[in-house]
Amino acid sequence: MQTPTIADPDPHDVPIGGEDRGRACGYSGYGKAHACEDTAHPAVHAWPAGACGGMQGRRALVPDPTLGPLVCAARSQGFPAQPRTPGGIRVSPSSPELGGRGRARPGPGPEPGSGSGPERASARTPGPAASGHSFRKVTLTKPTFCHLCSDFIWGLAGFLCDVCNFTSHEKCLKHVKTPCAGVAPSLVRVPVAHCFGPRGLYKRKFCSVCRKALEAPALRCEVCELHVHPDCVPFACSDCRQCHLDGHRDHDAHHHHWREGNLPSGARCEVCRKTCGSSDVLAGVRCEWCGLQAHSVCSAALAPECTFGRLRTMVLPPACVRLLSRNFSKMHCFRISENSAPETGEGDDGVDGSTPAGLSREVLAPESSKQTLKIFDGNDALQRNHFRVITAPRLARSEEVLELALRAYYVTEDPRDFELQALPPPVHAADTGARGKTRASGSAEEEGGGGPGSREASPEAWIVRAVPHTQEVLKIYPAWLKVGVAYVSIRVTPQSTAGTMVLEALPLLGRQAEGPESFQLVEVLMGSRQVQRTVLEDEEPVLARLRDIRQTSLRQMTQTRFYVAERRVVAPRVSLYVAGLPPGLSAQEYGILLDEAVATKAGLVSVSHVYSSQGAVVLDVACFAEAERLYMLLRDTAVHGRPLTALVLPDVLHTKLPPDSCPLLVFVNPRSGGLKGRDLLCSFRKLLNPHQVFELTNGGPLPGFHVFSQVPCFRVLVCGGDGTVGWVLAALEEMRHRLACPEPSVAILPLGTGNDLGRVLRWGAGYSGEDPLSVLVSVDEADAVLMDRWTILLDAHEAGSAENSVADVEPPKIVQMSNYCGIGIDAELSLDFHQAREEEPGKFTSRFHNKGVYVRVGLQKMSRARGLHKEVRLQVEQQEVELPSIEGLIFINIPSWGSGADLWGSDSDSRFEKPRMDDGLLEVVGVTGVMHMGQVQGGLRSGIRIAQGSYFRVTLLKAMPVQVDGEPWVQAPGHMIISAAGPKAHMLRKTKQKPRKAGTPKDARADGVPVSEGDPK
């Protein structure tokens, strides 16, 4: 979860109607408005997380006349005033009754079965109420580290939060600022859902909800550094990075987005320069945009504004991206393949697969002194059979079991507002003795009674219900900028409607001069996977709405927030990219075709861009519901036997880009490099803006170039093999006339088998797990170079000797070449390898294995006779060239072939110029067979130099294998014409590595030095 700084007010916020005195009043009630009793501090606070003294003098105060609707929630329920220490921390009362109420009251109650209330309360030391923890003193039975300072806790005593398992030294308690998991949702500033990928094993990582190690397969967000257990996903905050403007609450200042824990063990604090990372506990914080790392305490000393750190010129700023997606999931918005694996506990077998919740994850045997109970939190959990398992002593009282149940669902409200109910007989017919029984938390039962702690008649499953009240206090948040208050609390009565709530909230938010008809009440469900917004009608009763939500799910109530928003007429505009259509049609023809396939609505859908040669269009949809319908239909539709691809594309606001901005457009082929592309996809989405990272298997490179078409200056990074680089360069050549930046430079992260172009440009022989941050830094420092591009026209029409054979040959086509083109034995080996990989793709995940397959197919062709010179005719610059006795003819543009071999050789020759990749010339080389190719690979020989030129005409007298940049096929008899392809390609060559100076820091991404993150798996 994030640290409390995300709930801090904007630096632009100003106090409303009161004076900011900068003193703490001593009240430590978490997340509740209250009236201060200090006469020198007469104000009502409307900040969560202990805003009275924890916000460093940036508070919003409302004067005394507003005390009517803004009341102290604790006092309204008749709670006595709590004693305070000079430090503002409440002292736990010694009353047995109060000692049993752990979280809405000062300090948690006694542990079930641990003795009387006073004895247990004396063992409790309340932590900072601003962070919402329920600390108690515990005896440590194994080596334990502090979650604040990450140091070892010496001795046998430590302090543990009963809700989120935060463990601390006694000396560190007063410095704890990390919020408890039970109250963290109330601190989220702008709710943004997460994108959870497939389950995986993550070594030395910790769950951000329960703070325990991820020992079993767990989940991680594809956009931020959130790691959680599968059963903790429903309780994770919707605090992912805000990567675009969505029209709901867009900030004009970009702040740090802190994420706690899972830092490298050698990470150092930006403030004190001491170690802040740990491999033992969840400790330290890191900004997920700029990479700043610090202790949670030290982070408060840093400026709130984020500058994006070392990668600031390469990152696409969130304020420059707009995507009005409404109910599109984040997976759709970021074009992330959705996980098909079912969520833990979501099966239909009626058994929750999640690990038991509560203080222990182990299920005890029935004959032990403890019992296991299934706890449901509402009707939705009953329907889905989703429950949490708690363990409790068999002699525990009802209120003690209720505390455990609430703790399992991270509910931090007063236990006296809830009750346990036994499930009805149809669900558990054996529990006849407990039918219809309701046990309120306030009732004190004798040991062995009929409550959930009874040994004899205890139902197996219970449901937690909220006790209905005639009035409640509701937090209302403003949905606009520069308000000065985080929220206001208003009393809700049976007569309260959404309209009256807006009417009461506007004066408290400084908008009393405006009419309430210009505002509306919006209900926001901040789920970890999706944030849903619902506009309430003015006449809708709010109290009934709250009761319905609690009946559905108590957890849902803690994740529901109400906003006062302006009634704005938002013009919906969603861009849908559709590929897989027949090429060569006009915009009108594509519109008719889509109308026949998915019944598009003429008044709402229009074709804005047409890419005819690629068979792709971009649709502008002026209705959210229609956009969602089309998106789902297009993904399941085929046209002329080809399945369609549909993507939701954002709009880049190029006029808002900083002057020095040169964002990086990243293309990743996840099938290259032994499947390392999958990890790189996730890494680049986290280091950059996910909207600038595109998966090539999901629509190709065209969607990325379309999104960046109006960006005045950008660079491209291609992660894949030589074939992938050629694919992207061909798409760039086709899109060049539509780009505001017609000559973007291209860098390479080699993931293929040969990677010859990557070798020439110094990017290495292949990616072997380097830190992705260091890759991006190298791209930023790379030098621009030029490279020739060549066009190959394949025309097979003139090869047919009989008139009836003309109809059987392929039509003419054009292929782009960057590296080399091979005819004969070289292409035949590539074709055999390609066919073997197509038959069993799962085996070709290792670069070493791939090269072994090349060797095997080469050995099978050792005895081939030399006959290519009899089947091929070559013209260079309109001059016929006689071919020697060879078995392979190769045209090379770069000084690397076949995984780094120098086929041309380094010997000087007066007949030819020294080859360069930007000289406008191709070199023609012959090989005599597999043995000759092997000798070239070993550096023992070079190829047979034949010619050098800029225009070539090759005549194939029979069908034979041909390969271009590693992509092979069988070419029919005919002509091949090779010529220069217009403008040269702008490439990026990695600068030579400079020796690192001693003592250079290696732990701060913001300093521009790569950070070693370690192997995530």
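What you are looking at is a predicted structure, and each value in this text was computed from that prediction instead of being measured.

> Just to check I follow, could you spell out the overall build of the protein for this structure?
Looking only at helices and strands, the protein has 20 helices and 47 strands in total. For the protein, with 1017 residues in total, the buried portion stands at 56%. Across the protein, contacts joining residues at least 24 apart in sequence account for 70% of those joining residues at least 6 apart. For the protein, the exposed surface amounts to about 41,600 Å²; the carbon and sulfur share of it is 51%.

> Hey, could you run me through the sheet that holds strand β10 (residues 285–287) in this one?
Sheet strands pair via backbone hydrogen bonds, and the direction of the pair is either parallel or antiparallel. Reading across from one edge, β9-β10-β11 is the order of the 3 strands in this open sheet, with antiparallel pairing throughout. Strands with a single pairing partner mark the edges of an open sheet, and in this sheet they are β9 (258–260) and β11 (293–294). Inspection of the sheet shows β9 paired to β10 by 3 bridges, in the antiparallel sense. What sits directly across from Glu 260, in β10, is Val 285.

> Teacher, can you tell me more about the sheet that holds strand β46 (residues 974–980) here?
Here 6 strands make up an open sheet; going across it, the order is β36-β35-β46-β43-β38-β39 and the pairing antiparallel. The open sheet has two free edges, formed respectively by β36 (813–817) and β39 (879–881), since each of these has just one partner strand. Ignoring which end each strand starts from, the neighbouring axes of this sheet average 25 degrees apart. Strand direction decides the pairing type here: strand β35 (residues 790–795) and β46, joined by 6 bridges, are antiparallel. Of the residues in β46, the one forming a bridge with Leu 793 is Ile 977.

> How should I be thinking about helix α17 (residues 772–781) in this particular structure?
Residue pairs three or four apart in sequence face the same way in an α-helix, which turns once every 3.6 residues. In terms of burial, α17 is largely enclosed, as 8 of its 10 residues are buried. Where α17 is concerned, the buried positions are Pro 772, Leu 773, Ser 774, Val 775, Leu 776, Val 777, Ser 778 and Val 779.

> Explanation requested: the pattern of salt bridges in the structure shown.
When their charged atoms lie close together, side chains carrying opposite charge are able to pair. In total, this model carries 34 salt bridges according to the counting rule given. Across the pair Arg 573 and Asp 620 runs a salt bridge, and its minimum N-O distance is 3.5 Å. Highlighted residues: Arg 573 in the loop between β22 (560–566) and β23 (574–579) and Asp 620 in strand β25 (residues 616–621), separated in sequence by 47 residues. The partner of Glu 871 in a salt bridge is Lys 958, and the shortest N-O contact between them spans 3.6 Å. With a gap of 87 residues between them, Glu 871 in the loop between α19 (847–859) and β38 (872–876) and Lys 958 in the loop between β43 (951–956) and β44 (960–964) connect regions that are remote in the sequence. Judged by relative accessible area, Glu 871 falls into the partly exposed class, the value being 25%. With relative accessibility at 38%, the residue Lys 958 sits in the partly exposed group. Connected through salt bridges with shared partners, the residues Asp 239, Arg 259 and Glu 288 form a single ionic network.

> Would you mind going over the pairing of β22 with me for this structure?
Taken across its 7 residues, β22 has 6 buried, putting it largely inside the fold. Relative to β22, strand β20 (residues 519–526) is paired through 7 bridges, and the arrangement is antiparallel. Looking at β22, one finds that Phe 519 is bridged to Glu 566.

> Would you take a moment to explain the pairing of β35 for this structure?
Taken residue by residue, a regular strand's side chains alternate between the two faces of the sheet. Strand direction decides the pairing type here: β35 and β36, joined by 5 bridges, are antiparallel. Paired with Thr 791 across the bridge in β36 is Gln 816.

> Quick question: what am I supposed to make of the packing of aromatic side chains here?
Each aromatic ring pair is summarised here by two numbers: the centre-to-centre distance and the angle between the ring planes. Under the criterion given, the structure shown has 15 aromatic pairs. Ring centres of Trp 289 and Phe 308 lie 5.5 Å apart, and the angle between their planes is 85 degrees; this geometry places the pair in the edge-to-face category. With Trp 289 in the loop between β10 and β11 and Phe 308 in the loop between β11 and β12 (321–322), the pair connects residues that are 19 residues apart, well separated along the chain. By relative accessible area, Trp 289 is classed as buried at 1%. Classification of Phe 308 as buried rests on a relative accessible area of 11%. Pairing Phe 667 with Phe 694 gives two aromatic rings, centres 6.2 Å apart and planes at 45 degrees, and the pair type is tilted. Of this pair, Phe 667 sits in strand β30 (residues 664–668) while Phe 694 is found in strand β31 (residues 693–695), placing the two residues 27 residues apart along the sequence. Pair check on accessibility: Phe 667 and Phe 694 agree, each one buried. Following the ring pairs from residue to residue traces out a cluster consisting of Phe 145, Phe 152 and Trp 154. The lysine or arginine in question, Arg 555, covers the ring of Phe 235, its NZ or CZ lying 5.7 Å from the ring centre.

> Sorry, what's going on with unusual backbone geometry here?
The phi dihedral of Arg 204 is positive, around 55 degrees, even though this residue is not glycine. Position of Arg 204 relative to the elements: it lies in the loop between β6 (167–168) and β7 (219–220). At His 640, a residue that is not glycine, the phi angle is positive and equals roughly 55 degrees. Summarising the element assignment, His 640 is placed in the loop between β26 (638–639) and β27 (642–643).

> What is the right way to look at the packing of helix α13 (residues 676–687) against α17 in this model?
In a pair of packed helices, the angle between the axes and the distance between the axes together describe the arrangement. Viewed as axis vectors pointing N to C, α13 and α17 meet at an angle of 65 degrees, and their least axial separation amounts to 10 Å. Comparing the axis directions of α13 and α17 gives the class roughly perpendicular. In this structure, α13 crosses over α17, and the sense of that crossing is right-handed. On α17, the residues that touch Leu 680, Ser 683, Phe 684 and Leu 687 of α13 are Pro 772, Leu 773 and Leu 776. For the contact of α13 with α17, the class distribution of residues is 6 nonpolar, 1 polar and no charged.

> Looking at this model, I keep getting lost on the state of the cysteines. Mind explaining?
In a disulfide, the sulfur atoms of two cysteines are held together by a covalent bond. Per the stated rule, a full pass over the model turns up 0 disulfides. Between Cys 224, a free cysteine, and Cys 221, which holds the nearest cysteine sulfur, the sulfur-to-sulfur gap is 3.6 Å. Classification of Cys 224 as buried rests on a relative accessible area of 1%. Free cysteine Cys 682: the closest other cysteine sulfur is in Cys 221, separated by 7.9 Å.

> Quick question: what am I supposed to make of the nonpolar core here?
The tendency in soluble globular proteins is for nonpolar side chains to be buried as a group. Core analysis: the biggest nonpolar cluster contains 147 residues, and Val 228, Phe 684, Phe 705, Leu 717 and Met 987 have the highest contact counts within it. What Val 228 contacts, discounting residues up to four positions off in sequence, is Phe 196, Cys 207, Ser 208, Val 209, Leu 214, Ala 218, Leu 219, Val 233 and Ala 236. Listed in part, the 29 residues of the second largest apolar core include Trp 790, Ile 823, Leu 874 and Phe 952.

> Before we go on, may I ask you to explain the environment of Thr 470 in this structure?
Mapping Thr 470 onto the fold places it in the loop between β17 (461–466) and β18 (472–478). Each C-alpha atom, one on Thr 470 and one on Leu 543, is 8.4 Å from the other, the two residues being 73 residues apart in sequence. In contact with Thr 470, not counting residues within four places along its chain, are Val 492, Thr 493, Pro 494, Leu 543 and Arg 547.

> Can you walk me through the environment of Val 492 in this structure?
Here Val 492 shows up in strand β19 (residues 488–492). Classification of Val 492 as buried rests on a relative accessible area of 0%. Considered as a pair, Val 492 and Pro 541 are 49 residues apart in the sequence and their alpha carbons are 9.5 Å apart. If we ignore the near neighbours within four places in the chain, the residues touching Val 492 are Thr 470, Gln 471, Glu 472, Leu 474, Met 501, Val 542 and Leu 543.

The rules behind these values
Residues numbered from 1 in each chain as written. Predicted model: local features only at pLDDT ≥ 70, side-chain atom pairs only at ≥ 80, totals over all residues. Heavy atoms only, no water. Helix = DSSP H or I, 4+ residues; strand = E, 2+ residues; numbered from the N terminus. Buried < 20%, exposed > 50% of the residue type's maximum accessible area, 1.4 Å probe, protein only. Contact = heavy atoms within 4.5 Å. Areas by Shrake-Rupley, 256 points an atom, 1.4 Å probe, with all protein chains shown as cover. Pairing = 2+ DSSP bridges. Axes fitted to C-alpha atoms, helices over the stretch in contact; angles between N-to-C directions. Salt bridge = Lys/Arg side-chain N within 4 Å of Asp/Glu carboxyl O. Phe/Tyr/Trp six-rings, centres within 6.5 Å; stacked < 30°, edge-to-face > 60°. Lys NZ or Arg CZ within 6 Å of the ring centre and 35° of its normal. Parallel < 35°, antiparallel > 145°, perpendicular 65-115°, else oblique. Left-handed = near helix turned anticlockwise from the far one by under 90°. Nonpolar A, V, L, I, M, F, W, Y, C, P; charged D, E, K, R; others polar. Disulfide = S-S within 2.5 Å. Core = buried A, V, L, I, M, F, W, Y, C linked by side-chain atoms within 4.5 Å.

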